[in-house]
Structure formats: C-alpha cells, structure tokens
Amino acid sequence: MASRPGNDLWSEIIAEEENQNSNYDTEQSKQQQQPEIAVIYRRKNAVNKQKNDLLIISREKACVGNDNRVSWAQAPVKRVSWNRALSTRGRTSIAVAVFVDQIPQQKLQKRKTKPPIPRGKGLQPANFDKERAYFEEVDSFELLEESPSPKNIWNKGVISENVVKTQLSSVLEKWLFRRRLNYSCGPSKSLSTILGTPSLFKEGPYICDDSFVRTPEKGSALICSSVPSNQECKFCLTGRSVSERIISSRKSSKALPSMAEGDCEVIADAVRNLSLASRPSSLLSHRCEDFAALLDFCGQSAPSTLSDVFSTYCDPKSIIKVGEGTYGEAFKAGKTVCKVVPFDGDLRVNGEIQKRAAELFEEVALSRTLNHLRGDGGHTCDNTCTTFIQTIDAKVCQGRYDNELIRAWEHWDNKHSSENDHPKEFPEDQCYVIFVQEHGGQDLESFVLLNFDEARSLLVQVTVALAVGEAAYEFEHRDLHWGNILLSRKDSAMLQFNLEGKSLHVKTFGLWISIIDFTLSRINTGEDILFLDLSSDPELFEGPKGDKQADTYRKMKEATEDCWEESFPKTNVLWLQYLVDILLLKKTFDRSSKDERELRSLKKRLNSYGSAKEATADPFFRELYVDNTL
C-alpha cells in the first residue's frame, strides 16, 4: 500500500521535534535578551560628611518549560539596615556593600614667623620704667591693714593649716600704728593699759606677759608670768631659768617708762616674730592661753601639788584607790573621791594621747553646770535632781605622784591587777586636773542588786535624771556604761525630781543612783555648747561586735550621723537600752520569768521613744511614781 508523501510517521516525529526545538530557542533568546536590574540608593545632602553608599542588587531568575514548568526564585534574605531612613519592605537584598569616601585632608596653616630684623639694627632691651615707677610709688606707702593670708601657708615646702593669728600680735600692731602717728605726744601710756588685758587674766594666772617681749635675736619666746621662780614654764621654748625672765603680772599694771623710737622697732620685730604662723611658738601660745583659762576657771594663779589638794580633804596616809579609767585614777580622800586626770603631756597615758587643757576646761564647766540642777545657789527650780554627781571643786596640779598615792595605786594593783600604766612614769612637769566629787558609792559593775524592785528603781532614777538634763540643758551623757553609774543604799524611800515645773516623787527601795564621768557628754549652757567631737576618735567605734557597749557607740554614731555638736536626745535612749541588756545578761538578782519579760518588753518599747523625757511615761515606771504625775 502506497503511502502519501508527508504522511510518514517518522517525518511527523521529526517535524514535531524541530517545532519544539525552535520554540525552545525562541524562549532562550528572549530570556537572554532581558537586562539585569541594578538599583543603587544613596543618601541625600551628604555634604562635607563621611558618605556611606548602600548598594542593593536584586536579581531574579526563572526557567519555564512548556508542560512541566520549573521556576527558581531566590529566597528573601533578612538584612540589617545601616540607614534607618531606608526601608527594606518589598525588596530582596542579596549583597550589601559599604563605601567610605575619604575626605581630603586640609592643609595646615603655616606658622607666622616674626619679620626679619633689618640689617644693622640689633634687639632693643625691654623698657620697664613705667612699671618700676608704679611699684616704687606703691612701696612708699605703709599698709594700714595687712591683707588676709591664704588658708594654707607654705614655709619651706611644709603646709601649716588652720593657723590663727594670735590676739596679742594684732593688738600690738594697732598699738605700734598709734605710736608712730603720735610722735609729738608726751610719754606713752603703759603697754598693758593700751593692750586692754581682759579680766580673765587680771588675777595673774599662768599667762604670757604682754609687757615682756624680746627681739628674735635675743632668742626669747613668750614667757609665762606668775610662775614660781624655781619652776620652768613647760610651754616656753628657751632653756633659761624662769627667775631670769619673768615679770610678774601684778607688776604689769604699773606704768612703764616712756619709750623711744628704737623701742618701737624692737617691739615691731617682736610682733613680726609673733606673726610667723609656721613657728611652733605660736601654737604653744594657744596652749598657754588655754592653760591660763583653765587655771583662772579653777580659781588659781599657779598650779598646786597633788599632796596639797589631797591633804585638804584627808590625811594623806588614809588615801585609798577606788577605781580607774582610761584617762585617770580615782582615789578616796575622806568623804570625797578625787579623780586625777593628766593633760597636756607628751607621754601617752594607757596608750592614749593625753587630753588638752581646752578639753578639761569644758569638762570642768560642764560639771559645774550640772551642779545647778541640785537647786543650790538660787538657780531655777523648774528642772532639778540630785542624781548627777556633785563636783565640789576642781584644781590644777603639777608634779610627780606623791609616795602615798603611789602606795595606794600599788595596793590596788596587787588586789585587782590594774590595766593602767604605773604613775611613776610621769615626768616632773606633768600637769593634772583633780575633780573633787562627793562619794557616790560603788559602780554598777561591782554592786550587787538584791531584787527586781532595785533594778526598776535603778532604771527609773536614771531615766528621769536624763529627762531633767534634757529639759534644762539639752544634756546627753553619751557614755553611760555600767562603770559610770554609782549605787549606794540609804534609808530614804523616796527621791524628788522637778521636771519642767512638775514635782515628781520616785520610789527608791533604799537605792540611790549617781551618774558620773561627763568626758564625752554634750550640754547647752545657754551661752556655749560644750561637746567632744567623737569623729576624731574612730577607734571608739571599732569595738568587738556583740559587745553591748561597743554596739551602743556605733548606734549612737548612726543616730547622730557623726555630727556631735547638735542635740540628739535619742542617744540617752540608746544607753537606757544598754542598761536593760546589762540587767538581763550581766547582773544576777532575785527575779522571775515575768520580770524578765517586762524588761524585754521595755527594751522594745524604748525603740519608739526619741528622748528620755518620752521614756518617763512608759508603763514600766508607772508603779514607781508616788503621786503618779506622769
């Protein structure tokens, strides 16, 4: 059977394949002709700044068949945008490139040079004739008042801070100025009259005699008057005997002979000598003034001896040591107790630096102020009590310990093993203050309480006494440990207090309390605030943790915020809590479990009181008030 041309099976297959190949070639050519898209984004307004160009290139590829199409699309890649102004929404980023254009460096300006010096002309020297004439004119005038000195005065590389110009120096300068202006006047007045010596030194205590001033060439310093001729003033710098240099302060009131102009120059030299703040003599003069003020306050013109003071109150052979402290010793002399406190010496006392005359002056003044609370001498009776120990007298002494005092001290040492240094170590010129006080009994540490009533009486007497001190003088004891509370037994069953004009009678159960040692205390006398800055003694707050006394010091520092001049009656409450702890932990007496619960409850309630006056209204004391005024 003949076939038609063109209808052969193979020809049909070949034609179909050619058809497909032609279509495929056509598609490939179209795809190859499509251009690649490249988009470049740049920042605008990039003038004189570092440029960052972001190049984003997007590509898409696809391959499509006739029947079985297969397409490839590159998956979107998340990128970090380096320019917040650009958005990546709707774009596929496969490459990011950052280009930094380098800014051309600017040329440095050339340094201007001085014009060249013309030939034949040399440098002319500077002319300071106007300046020299100005300073010569200034130097020709005498300054009437010296400019204030800076706080830190430098002298050969050493700083001397907080140096105060002595009053003597400033007064002498004023006198010299008047003296130079009055050449035509007659004989000058007495120098002591012109100086206007204050009344504090009129009685002739240990003072620096203003009328006895030598020039620096002769090598003398400030000389203390009213010193016995066989003694050497410990504050003077020279080693000559006092008898060769002293002019009695009583003779200073007599008129001096007229002085020539040469004498004025001599005194001017002495004034300049006194004004040298870097010299230790000016510092010693301040100590001399403090010593003189202490002597005058104690009613003395010169220091006494220890034996003279003790013999006033007892036979020296009967002296007995009854106690000791860090800064002194306590001796029984008859019906009184004498506390001996060394001061102003270079020798350390029991490892501590000796107190200064100014500190002892404040303690003497504070003790006498508390004497007013006893209602004696016509003082106000709105706030009175007898709980604070009575200070009978205070005297300044100088010299070594007497044999009888050494005997009493060694007897105590053999019996109680003293923790203090032996007083034989004190030098001959050692000074002391003796506080003569009434005998208040035994301290709480050694006293034996009998029952819970005596413990309650102890707490109420101390609390009300502190409240009276707060109301009268803003008083804070600040060191009321069990060694500073004395106890004795008397027949009286009641004790009277006056608190802000209200009379109050307290049951004593035969127990009388006396508060002693006001070294760390704070008081407002109405004229001055007497206190001791405890921030200068950081070791006081470094006691062992868990020790009730050391913990109380730290609580007191926290309550005052280390500002010891201000009034913080909360410190009295802290020491009341300390006493409650002592009664619970250290003292043994007849008590029940109910009594201990009452003491613990009292300690908790004391936390809510801000002063001893507030604590007097606590229910713990209610039964001890006879008239129940509070």
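Residues numbered from 1 in each chain as written. Predicted model: local features only at pLDDT ≥ 70, side-chain atom pairs only at ≥ 80, totals over all residues. Heavy atoms only, no water.

Looking only at helices and strands, the chain has 14 helices and 17 strands in total. Looking at the chain as a whole, 37% of its 630 residues qualify as buried. At a minimum sequence separation of 6, the contacts of the chain that also span at least 24 residues come to 68%. (Helix = DSSP H or I, 4+ residues; strand = E, 2+ residues; numbered from the N terminus. Buried < 20%, exposed > 50% of the residue type's maximum accessible area, 1.4 Å probe, protein only. Contact = heavy atoms within 4.5 Å.)

Strand order in the open sheet formed by 5 strands is 6-7-8-10-9, and the pairing between neighbours is antiparallel. On the outer flanks of this sheet lie strand 6 (320-324) and strand 9 (391-398), each paired with one strand and no other. The sheet shows a mean angle of 25 degrees between the axes of neighbouring strands, direction not considered. Here 8 bridges tie strand 8 (residues 336-343) to strand 10 (residues 431-438), and the two strands are oriented antiparallel to one another. Looking at the pairing, valine 340 lines up with isoleucine 434 of strand 10. (Pairing = 2+ DSSP bridges. Axes fitted to C-alpha atoms, helices over the stretch in contact; angles between N-to-C directions.)

Tracing the backbone shows aspartate 344 in the loop between strand 8 and helix 8 (357-371). Polar contacts involving the side chain of aspartate 344 include one to the main-chain amide nitrogen of alanine 357, which spans 3.4 Å. (Polar contact = N/O pair within 3.5 Å; in protein donor to acceptor, adjacent residues only side chain to side chain.)

What follows is about the nonpolar core. Counting residues in each nonpolar core, the largest one holds 70 residues, and the members touching the most others are Phe388, Leu458, Leu459, Val462, Ile485, Leu487 and Phe497. A per-element tally of this core places helix 10 (residues 452-473) first, with 12 residues. Among the nonpolar cores identified, the runner-up in size contains 19 residues, and Phe310, Ile319, Phe331 and Val340 belong to it. (Core = buried A, V, L, I, M, F, W, Y, C linked by side-chain atoms within 4.5 Å.)

What follows is about the packing of aromatic side chains. Enumeration according to the criterion identifies 16 aromatic pairs in this entry. Consider the rings of phenylalanine 297 and phenylalanine 361, whose centres lie 4.9 Å apart with planes at 50 degrees: the pair is tilted. Of the two residues, phenylalanine 297 is situated in helix 6 (residues 280-297) and phenylalanine 361 in helix 8; the sequence distance between them amounts to 64 residues. On the accessibility criterion, phenylalanine 297 (28% relative accessible area) is partly exposed. The exposure class of phenylalanine 361 is partly exposed, given its relative accessible area of 27%. With a centroid separation of 5.7 Å and an interplanar angle of 90 degrees, the aromatic rings of phenylalanine 426 and tyrosine 432 are classed as edge-to-face. Among the aromatic residues, those joined into a cluster by ring pairs are Phe310, Phe331, Tyr401, Phe426 and Tyr432. (Phe/Tyr/Trp six-rings, centres within 6.5 Å; stacked < 30°, edge-to-face > 60°.)

Coordinates in, geometry out; function isn't part of it.
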